[in-house]
Each structure stands twice: as structure tokens, then as C-alpha cells.
Amino acid sequence: MADFIGREYIIQIMEEQYMSEVRIIGAPVPNVPWQERPENMRTWMPVWRYSDNPVIGRNPAEGVARIFNSAVIPYEGEFIGVFRGEQTNGIPYIYLGRSGDGIHWDFEKDKIPFQDEAGNDFMPLYAYDPRLVKVEDTYYIIWCQDFYGASIGVAATQDFKTFTRIENPFLPFNRNAVLFPRKVNGKFLMLSRPSDSGHTPFGDIFVSESADMVYWGRHRHVMGKGNEWWQNVKIGGGAAPIETSEGWLLFYHGVTGTCNGYVYSIGGAILDLEEPSVVKYRCDTFLLTPEEWYEERGFVPNVTFPCATIHDSETGKITIYYGAADTYVGLAFTKVDEVVAYIKDHSVVTESDTETGIR
């Protein structure tokens, strides 16, 4: 018995050492919102939902009917976020929210007051699906807006008091822009998904680079829709990529079509650290798909749409913030070693995934 216990202990230590080889590269966030995997979980997926979802429900603020598809980030020991607020008149804008625990949120009554570089008011006609990414000492908000057609808007802030818009990075039509959290080879990198003026029955992810956040070029194809049912119509970037020892961990959305409309699921891939147009691993199964009532029922049913993560480099914990049914915000959890191992074990990549993305 003693030998058996000793062998089991050694195996456990070896497994822990193997799993710990996958590391998140970045600052620790010891107060990352977290809930352990439920013991009665009915799936072997490495991602699990928060038991008290949704964390943001209907009518969350005055004049706002729904908040969803929003992004958050650690800030001064707590958390701050940019939130897609669908006004009661149907026009989406971006609102600022603050939280002590990343779960319970207080929202500012007024929209984020964007201005131009001269300090004049410069509000978009509408703004939706924001991302929030810190690069060096600046926080960047990236969203979809009208630029004589659907395209990308960008603003910068260092204090969440003054929000200065900078040049629109791309021509219409484009959506789902996601900035990388650090420069690669001295350049800013941004994922985006060229689209059309409607609901876009196609879509691949591309990456572009810039030396100054103004002029963008060296566009490269990253990956296209998959052959798997859940991503066989289009895909799009989700949360900002997480730098890990295995590569950039990307949570993205994949879309399929049914007789009742689109279904949005969450997928996972790992991109090369120095050449992110190269996909090293791409999971052939979804990581999360609409199953719960708040994902299946809402203004747009059957949507799980990732927009942000909070992750702790010390423990490997990752909390995913996702929009649910264009009505709610949900949380899901994973650990970097578990999700990376799962993606690698279930990886199917194509030639267009693994090439550098230029033709």
C-alpha cells in the first residue's frame, strides 16, 4: 500500500509539473473572478460556466435595455469595462462600468464622451461590440461603428476620464477588431474580420500591423471558417489574445446556420508568438456553445460571443466574459494548462491556417 501511494504521489507530481509547463506571460491578477469546476459537470470540455450567470441582466442602467458583447480589464486593483449598451431606442453605444470583484457592475449614466485630438466632441453615430486592451501605458478601446459603412473605431485613454479617438484603421466593411496586448517586432498588431454591410454570410480572420496606430498594413490571413458544423459559415476574433509559453491563446467565435438562424459558439486556437498569422493549433470542437436559457433565449437567440478575458499568470486561471443571446453577459472559466492541452489534443489545422497568410 505504501509503495502504491508513493507511486500515485509521484505520478501526480509529474502530471502537475507537465501541466505547469504552460504559462501565461503577463502580470498576476490575484483577485481574478473565479469559481471552481462543478463536480457534477456533464461535459469533459475544459470550460465551465459561472453558476450565477448571467452577471448582467436586462435593463441594467437608465435608458439601456440590454448590455452584452462587452470587455473588461484589471484597473487599480479592481476592474473597469467598456460595455455595449443597447439603448431603449435601439441605438447601441459604449458605456463605462466599474466593479470591485469583476462580477457586480456599476455603470455610468452617460455614454463614454469620445473627443478628437483637439479636444472637441467626436461621438460615433453608433458603437457596438467593444474590446478593451492595454498596450504599454495606454488603454485602447476598439469597436464597430459607421464609417460610411460598418468599420472599426479606436480611442485611447490613460485615465478613463479622457477618451481620444484616433484614426479609423480600416476601410468599410470590417468588424470584430481585436488588438494584441503587446507589440510584436516593434509593431502594434490587430485582428479583424472583413465583412459586408449586412449580417455577413462569410468571414475570415486577418491580422494587420502598424508602427503608430494610424497607418495599418502588412495584412495577413490568419484563418478561415472551418469544416466543423459549428464554424462552417464564418468566424471572428473574440477576446484579446493571451500570451502563453505555447503561443497566443485566442478565444474566437464560430458561426453556423440553421433553419432558425445563426448559432454562435466559442472556439479556441493558438497562434505563433512572433508570426501570429500562423496557426499552430486549432480546436475542432467548440469550447462553449449555446445550451443555457440565457444563451438560447433573448433578442438574438443562440449566441455565445467572447469579448474579453481576465487571467492570472500565477495560477493560470482564465475568466472569459461573453455576450449571451445579444441580451446578457455571462462568465465562463478555464485554466491555461487545461484549455491549451485540450486545443492541442483536438487540433485540426489546414494549409491556409499554417501558412504565413500572404498570396
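Here the structure is a predicted model, which means the values were calculated and not measured. (Residues numbered from 1 in each chain as written. Predicted model: local features only at pLDDT ≥ 70, side-chain atom pairs only at ≥ 80, totals over all residues. Heavy atoms only, no water.)

Caption draft 1: Layout of the pattern of salt bridges. Taken as a whole and judged by the stated rule, the model has 16 salt bridges. Arg49 is the partner of Glu291 in a salt bridge, and the nearest nitrogen-oxygen pair spans 3.6 Å. Of this pair, Glu291 sits in the loop between strand S19 (279-282) and helix H2 (293-296) while Arg49 sits in strand S1 (residues 48-49); the two residues are 242 residues apart in sequence, bridging distant segments of the chain. Using a relative accessible area of 46% as the deciding quantity, one classes Glu291 as partly exposed. With its nearest N and O atoms 3.0 Å apart, the salt bridge here joins Glu86 to Arg84. Like Glu86, the residue Arg84 is buried in the burial classification. Among the charged side chains, a salt-bridge network with shared partners connects Lys187, Glu209, Arg218 and Glu275. (Salt bridge = Lys/Arg side-chain N within 4 Å of Asp/Glu carboxyl O. Helix = DSSP H or I, 4+ residues; strand = E, 2+ residues; numbered from the N terminus. Buried < 20%, exposed > 50% of the residue type's maximum accessible area, 1.4 Å probe, protein only.)

Caption draft 2: Quick look at the side chain of Thr244. By the secondary structure assignment, Thr244 is in strand S16 (residues 242-244). A distance of 2.7 Å separates a polar atom in the side chain of Thr244 from the backbone oxygen of Gly247. Apart from residues lying up to four places away in sequence, Thr244 is in contact with Arg23, Ile24, Ile25, Leu249, Leu273 and Val336. (Polar contact = N/O pair within 3.5 Å; in protein donor to acceptor, adjacent residues only side chain to side chain. Contact = heavy atoms within 4.5 Å.)

Caption draft 3: The arrangement of the nonpolar core in detail. By size, the foremost hydrophobic cluster in this structure holds 59 residues, and its most contacted members are Tyr140, Leu179, Met223 and Phe251. Here Leu179 is in contact with Val133, Val135, Tyr140, Ile142, Leu189, Met190, Met213, Trp216, Ala240 and Pro241, once residues within four sequence places are set aside. (Core = buried A, V, L, I, M, F, W, Y, C linked by side-chain atoms within 4.5 Å.)

Caption draft 4: A look at the packing of aromatic side chains. Under the criterion given, the structure shown has 22 aromatic pairs. When the centroid spacing of 4.6 Å and the interplanar angle of 25° are considered together, the rings of Phe114 and Trp143 count as stacked. Taken together, the residues span a long stretch of sequence, with Phe114 in strand S6 (residues 114-115) and Trp143 in strand S8 (residues 138-146) at a distance of 29 residues. The exposure class of Phe114 is buried, given its relative accessible area of 2%. Here Trp143 falls in the buried class, since its relative accessible area comes to 1%. Between the aromatic rings of Tyr140 and Phe188, the centroid separation amounts to 6.0 Å while the plane-to-plane angle is 75°, which identifies the pairing as edge-to-face. In this pair, Tyr140 sits in strand S8 while Phe188 sits in strand S12 (residues 188-194), placing the two residues 48 residues apart along the sequence. Judged by its relative accessible area of 7%, Phe188 falls in the buried class. Ring-pair connections join several aromatic residues into one group, and the members of that group are Tyr75, Phe114, Tyr139, Trp143, Phe160 and Phe163. For Arg165, the ring lying beneath its charged end belongs to Phe122, and the centroid distance is 3.9 Å. (Phe/Tyr/Trp six-rings, centres within 6.5 Å; stacked < 30°, edge-to-face > 60°. Lys NZ or Arg CZ within 6 Å of the ring centre and 35° of its normal.)

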